[in-house]
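# Architecture and fold: a report
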Amino acid sequence: MCGIVAAIGIPNAVGVVLDGLASLEYRGYDSAGVAWPENGALRIVRAAGRVSELKSKVETCDTTTPETAMGHTRWATHGPPLERNAHPHVSADGRISVVHNGIIDNYATLKERLTKKGVSFKSDTDTEIVANLVAEQFTGDLLQAVEATLPLLDGTYALVVMSPQCPDMLIVARKSSPLAIGLGDGFTLAASDAVPLIPHTRKVVFLEDGQVAALTAGRCEVRRDGQAVPCIPAEITWSAEAAMKNGYPHYMLKEIHEQPVTLEAMFRNRLRLPRTDDADPEFMLDGLENLSDDYFRGVSRIVLLAQGTAYHACMVGRNLLERTTHIPAYPEYAADFRYRDPILDPSVLVIAVTQSGETMDTLHAVRLAREAGCNVLAVVNVVGSSIAREADGVFYLNCGPEIGVASTKAFTAMIAGLYFLALRLGQVRGTINRQELLRRARDLLGVGARLNGILASDPYIRAIANRYRNAANFLFLGRGTGWPLALEGALKLKEVSYIHAEGYDAAEMKHGPIALVDENMPVLFIALQGRRYDKIIGNIQEVRARKGKIIAIASHDDREIDKLADDVIYIRADSGIMNSICCAVPLQLLAYHIATARGCDVDKPKNLAKSVTVE
Ligand code: F6R
């Protein structure tokens, strides 16, 4: 989605903004632009394509003096990704410039009114309307003009507004789209998330919905409804290095390899085993103070809300929650849930699962659930994100920034986080006995180390990937928790390699997908030993009979499967539900290596955005 960076009071402000935009590339975009005040007017440079193209254009300008600048990476919504639609946009009278993330729903009505007044537009965007509305209100006080404009806008926005007549001030505002403000010694920055701020400052204010702020050098005055509100910065602890590639060729590969560490870090200080087996493990939940044990005892139903990869984690989570808490649990696509008039009451616990904490559909579904009187527990990675702030309780995944557009480490962290919550709830409700609780708590603590063994087979998986790099289609099949894994394996492959891939419950195979199987169709089976193993072997036989190419993810001690499969990835997986986490890693590696063998840009797949902050 669109990315915003702005700076005031900093030497080489244009360079700072351009570097910040480059660090936001992971969000996905198709054009970029930057603006700064110059000789009482605005200088705007824009380019379709990458930030590197924008940088080359800016190199021809003298940018040594300005200490104020703002920039934007655009992910096209209104109008194609052309230079004239790239931000910043300027009012027709040249006095106001705006960068914007979000969508103005009533832009057509506003545009019609402005057009009747004689305003002419140069772009197809909704943002250009905002610049003109602010210009209409502007009589010298930029903050007042923005505050007068915002009530006219229906929709969502993070905005930065600049005027050459107020070169020492930027105004920012937020409604449903994220905006972080970084406070430095004598300078102030703003950005769509904290990543561009980290190299300059660790003091960050996350603007709340409905807030407007006036940024000046080293200062930030936050207001709501025309009144000043306190602005207390949070201290960001992520290292700048954590947001870099750390020697790996791609963020995706780095993030896949980080999983043993991220999973171990998740439970550090949160899960303590007893000295002897006659006591319970302790689950420490620091973000759930608002939700009492009595409340958890009274929960009648759990609804898990998410989109994409996070939804697949919820499908796994449902099994964990039902088994350990005996509460019926239902994973739901947030986008469908919010428009379906779902049946809710205060005894329903809603768990929103999201890496970014900004996915628009998930955010709106959370709001709907809260309006219906439900408590919302957020399982989130990004600290201070919208969903984390609006939920009644938060379980942070603590896996550091996930930059690769395809979600990897957040997926396994979500499963582990949901498992942790399931065990805690089972303990509170008395639906899991001590022996079982201890066994499962040990599994959780050991899962990170288990992944090291699987990651060691990376070169072997790469060799398999090379054999399938030219496939046109792929099927992924699994049963039980293997089903969401099959969905996730297919999603990973298609988003990074552009190979058409489908995931199914293997039981569904005979109900349709088997029609596609022939000697050109690779079929990946999640075939770990367990309750449904025999059924999966039956499905493998059926594919083999139709000459399909078979890749199996199998248990390390399976002696039979290599007689049936063309390629086998063995994993040491013998702890039930933890197997989902173990299976995710070879699926991620396979997708990564097939995509890189095809020369795809795995960290920034075409048409995809890291954080989907529009509907
Ligand atoms: C796929 C992927 C997306 C996200 C989805 C939800 O690799 O990354 O499917 O999982 O857009 O995003 P979050 O988790 O930020 O709510």
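Residues numbered from 1 in each chain as written. Predicted model: local features only at pLDDT ≥ 70, side-chain atom pairs only at ≥ 80, totals over all residues. Heavy atoms only, no water.

## A look at the overall build of the protein chain
Stated precisely, the cut-off is as follows: In this description a helix means any DSSP run of H or I spanning at least four residues, a strand means any run of E spanning at least two, and both kinds are numbered starting from the N terminus. As defined in this context, the radius of gyration uses C-alpha atoms, and a globule is described by 2.2 Å times the residue total to the power 0.38. Per-residue accessibility, obtained with a 1.4 Å probe over protein chains only, is compared with the maximum for each type, and a residue is labelled buried under 20%, exposed over 50%, and partly exposed between these values. Residue contacts are defined here by distance: any two heavy atoms, one from each residue, within 4.5 Å place the two residues in contact. For the area figures, the Shrake-Rupley method with a 1.4 Å probe applies, and any residue is considered shielded solely by the protein chains shown. For the purpose of charge, His is not counted, nor are the chain termini; Lys and Arg are scored as positive and Asp and Glu as negative. Charge positions come from single atoms, namely NZ of Lys, CZ of Arg, CG of Asp or CD of Glu.
Assigned secondary structure in the protein chain consists of 18 helices and 27 strands. Computed over the C-alpha atoms, the radius of gyration of the protein chain is 26 Å, within 12% of the 25 Å expected from 2.2 N^0.38 for a compact globule of 615 residues. Seen through its C-alpha atoms, the protein chain measures out along the principal axes to roughly 75 × 55 × 45 Å. Across the 615 residues in the protein chain, those meeting the buried criterion constitute 60%. Taking all contacts inside the protein chain whose residues are at least 6 apart in sequence as the whole, residues at least 24 apart take part in 71%. Put simply, the protein chain shows about 23400 Å² of open surface, and 48% of that area lies on carbon and sulfur atoms. If you average the places of the 65 positive and of the 72 negative side-chain charges in the protein chain, the two averages end up 4 Å apart.

## Overview of the domain arrangement of the protein chain
As a reminder, the rule being used: Reported domain spans reflect what an automatic or database domain assignment gives. Once two parts are put together, the accessible area they lose, assessed with a 1.4 Å probe and summed over both, is termed the buried area. A side-chain nitrogen of Lys or Arg and a carboxyl oxygen of Asp or Glu constitute a salt bridge if their distance falls within 4 Å. Polar contact is the term for a pair of N or O atoms within 3.5 Å; when the atoms are in protein, one must be able to donate a hydrogen and the other to accept it, and sequence-neighboring residues count only if both atoms are side-chain atoms.
What the domain assignment reports for the protein chain is domain 1 (3-236), domain 2 (251-455) and domain 3 (458-597). Put simply, the middle of domain 2 and the middle of domain 3, counted by C-alpha atoms, are 26 Å apart. The interface of domain 2 with domain 3 comprises 29 residues on the first partner and 29 residues on the second. At the boundary of domain 2 with domain 3, total buried surface from both sides reaches about 2600 Å², with 74% on carbon and sulfur atoms. Applying the counting criterion to the domain 2 and domain 3 interface returns zero salt bridges. Counting across the domain 2 and domain 3 interface gives eight residue pairs in polar contact (both at pLDDT 80 or more). At the level of secondary structure, the elements contributing two or more residues to the side of domain 2 that touches domain 3 comprise α6 (251-257), α7 (259-267), α9 (308-325), α13 (409-429) and α14 (434-455).

## Let's talk about the packing of aromatic side chains
Think of a pair of aromatic rings as described by two things: how far the centres are apart, and how the planes are tilted against each other in angle. Where we set the bar: Only Phe, Tyr and Trp rings take part, Trp by its six-membered ring, and two of them pair if their centres are within 6.5 Å. Stacked means planes under 30 degrees apart, edge-to-face means over 60, and tilted covers everything else.
Within the structure shown, the criterion is met by seven aromatic pairs. Here the aromatic rings of Phe-283 and Phe-420 are separated by 5.2 Å at their centres, their planes lie at 75 degrees, and the arrangement is edge-to-face. Residue Phe-283 is found in strand β17 (residues 282-283), and its partner Phe-420 is found in helix α13; the two are separated by 137 residues along the sequence. Under the relative-accessibility criterion, Phe-420 is labelled buried at 0%. With a centroid separation of 3.8 Å and 20 degrees between ring planes, the pair formed by Tyr-311 and Tyr-333 is classed as stacked. Of this pair, Tyr-311 sits in helix α9 while Tyr-333 is found in strand β19 (residues 329-333), placing the two residues 22 residues apart along the sequence.

## Topic: helix α4 (residues 127-137)
Counting buried residues in α4 gives nine out of eleven residues, a clear majority hidden from the surface. For α4, the set of buried residues is Thr-127, Glu-128, Ile-129, Val-130, Ala-131, Asn-132, Leu-133, Val-134 and Ala-135. Lining the buried residues of α4 we find β5 (89-90), β6 (97-101), α3 (107-116), α5 (142-149) and β7 (157-162).

## As for the site of the ligand
As a reminder of what qualifies: We call a residue near a molecule or strand as soon as one heavy atom of that residue lies within 4 Å of the molecule or strand.
Taken together, the neighbourhood of the ligand is formed by 14 residues, with Thr-354, Gln-355, Ser-356, Thr-359 and Glu-495 sitting nearest. Between an oxygen atom of the ligand and a side-chain N or O atom of Ser-356, the distance comes to 2.6 Å. Taken by itself the ligand offers 410 Å² of open surface, and the protein chains cover 90% of this. Looking at the shell around the ligand, the element that brings in the most residues is α9, giving three residues.

## Some points on the pairing of strand β13 (residues 219-224)
The two faces of a sheet get side chains in turn, since along a regular strand they alternate between them. The following threshold applies: DSSP-based pairing: two strands are paired if at least 2 bridges between them are found.
As judged from the six bridges shared by strand β12 (residues 211-216) and β13, these two strands associate in the antiparallel manner. Paired with Val-212 across the bridge in β13 is Arg-223. Turn length for the β12-β13 hairpin, with the two strands adjacent in sequence and antiparallel, is two residues, and the turn residue Gly-218 shows positive phi of about 75 degrees. Two strands pair when backbone bridges link them, and β13 and strand β14 (residues 227-229) are joined in this way by three bridges, in the antiparallel orientation. If you follow Arg-223 over to β14, its bridge partner there is Ala-228.

## Description of the sheet that holds β19
Rules: Fitting a line to C-alpha atoms yields each axis, with helices limited to the stretch in contact; the angle taken between N-to-C directions then spans 0 to 180 degrees.
Strands sit in the order β19-β18-β20-β21-β22 across an open sheet of five strands; the sheet is parallel. Strand pairing shows two members of the sheet lacking a second neighbour, β19 and β22 (393-396), which therefore form its edges. Across the sheet, the mean angle separating the axes of adjacent strands is 20 degrees when strand polarity is ignored. Pairing of strand β18 (residues 301-306) with strand β20 (residues 348-354), which is carried by five bridges, proceeds in the parallel orientation. Residue pairing in the sheet places Val-303 in a bridge with Val-350 of β20.

## Quick notes on empty space enclosed by the protein
Rules: Space inside and on the surface of the protein is sampled on a 1 Å grid over the protein atoms alone, with a cavity defined as a set of points where a 1.4 Å probe fits but cannot get out and a pocket as an open set with protein on both sides within 12 Å along at least 5 of 7 lines; lining residues have an atom within 4 Å of a point. Grid points are joined across faces, edges and corners, and a volume is the space filled by probe spheres set on the points. Following the grouping adopted for this structure description, the nonpolar residues are Ala, Val, Leu, Ile, Met, Phe, Trp, Tyr, Cys and Pro, the charged ones are Asp, Glu, Lys and Arg, and the polar ones are all others, Gly among them.
Evaluation of the coordinates by the stated rule reveals two cavities of 30 Å³ or more. Taken as a whole, the largest cavity spans an internal volume of roughly 80 Å³. Lining the largest cavity we find Cys-2, Arg-74, Trp-75, Thr-77, His-78, His-87, His-100, Gly-102, Thr-125, Asp-126 and Thr-127. Residues belonging to the lining of the largest cavity are distributed by class as follows: two nonpolar, seven polar and two charged. In terms of lining residues, the second largest cavity is bounded by Val-5, Val-16, Gly-20, Leu-189, Ala-190, Ala-191, Pro-196, Leu-197 and His-200. Elements supplying a minimum of two residues to the lining of the second largest cavity: α1 (13-23) and β10 (188-191). Tallied by class, the residues present in the lining of the second largest cavity amount to seven nonpolar, two polar and no charged.

## Some details on the environment of Phe-283
Exposure remark for Phe-283: the relative accessible area of 8% places this residue in the buried category. Sequence separation of Phe-283 and Arg-424 is 141 residues, and the distance between their C-alpha atoms is 6.3 Å. For Phe-283, the residues in contact, after removing those within four places along its chain, are Arg-270, Leu-271, Phe-420, Leu-423, Arg-424, Gln-427 and Leu-437.

## Focus on the pairing of strand β8 (residues 170-175)
Most of β8 is tucked away, with five of its six residues classed as buried. Bridge count for β7 against β8 is five bridges, and the pairing is antiparallel. For Leu-159, the partnering residue across the bridge sits in β8 and is Ala-173. By the bridge criterion, four bridges tie β8 to β12 in an arrangement that is antiparallel. Opposite Leu-170, over in β12, you have Leu-215 as the bridge partner.

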